[in-house]
Amino acid sequence: MPCKSCGSLNQGTFTGEVAIHFPGLKDIDEPIVWVFPGLIVCLDCGTTEFTVPKSELRQLAKGDDAAAG
Ligand SMILES: [Zn+2]
């Protein structure tokens, strides 16, 4: 699939580690959610795509509920 940002086909697949933080000071006690996704990096513009796995996605959704309530 071409890059969504620049249309380039010059993309590489990598693995990575991403620490997702909840924004704002009131969520400072929320733990960081670590994800280890496969990354598709556009080697022309740097746009990177990854999918958060389902289990981590639930953690993010749960944290969000806690912040809202
Ligand atoms: Zn691109």
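Above this text is the structure in question.
Please read these numbers as outputs of a predicted model, since none were measured by experiment. (Residues numbered from 1 in each chain as written. Predicted model: local features only at pLDDT ≥ 70, side-chain atom pairs only at ≥ 80, totals over all residues. Heavy atoms only, no water.)

(A) Inspection of the pairing of strand E4 (residues 38-42) at higher detail. For strand E1 (residues 11-15) and E4, the ladder comprises 5 bridges, and the chain directions are antiparallel. When the sheet's bridge partners are listed, Thr15 is paired in E4 with Gly38. The loop that links E4 with its antiparallel partner strand E5 (residues 48-49) comprises 5 residues; one of these, Gly46, has a positive phi angle of about 90°. (Pairing = 2+ DSSP bridges. Helix = DSSP H or I, 4+ residues; strand = E, 2+ residues; numbered from the N terminus.)

(B) Representation of the coordination of the zinc ion. Around the zinc ion, the protein contributes the donor atoms Cys3 (SG), Cys6 (SG), Cys42 (SG) and Cys45 (SG), at 2.3 to 2.4 Å from the metal centre. Taking the relative accessible area as the measure of exposure, Cys6 reaches 41% and is therefore partly exposed. What makes Cys45 partly exposed here is its relative accessible area of 38%. (Donors = N, O, S within 2.8 Å, 3.2 Å for Na, K, Ca; no water. Buried < 20%, exposed > 50% of the residue type's maximum accessible area, 1.4 Å probe, protein only.)

(C) Up close: the sheet that holds E1. One open sheet accounts for 3 strands, arranged E1-E4-E5; its pairing is antiparallel. Strands at the two margins of the open sheet, each flanked by one partner only, are E1 and E5.

(D) Just the pattern of salt bridges, in detail. This model, assessed by the stated rule, comprises 1 salt bridge. Residue Lys4 pairs with Glu49 through a salt bridge whose shortest N-O separation is 3.5 Å. Residue Lys4 is located in the segment before E1, and its partner Glu49 is located in strand E5; the two are separated by 45 residues in the primary sequence. Lys4 sits in the exposed class, given a relative accessible area of 65%. (Salt bridge = Lys/Arg side-chain N within 4 Å of Asp/Glu carboxyl O.)

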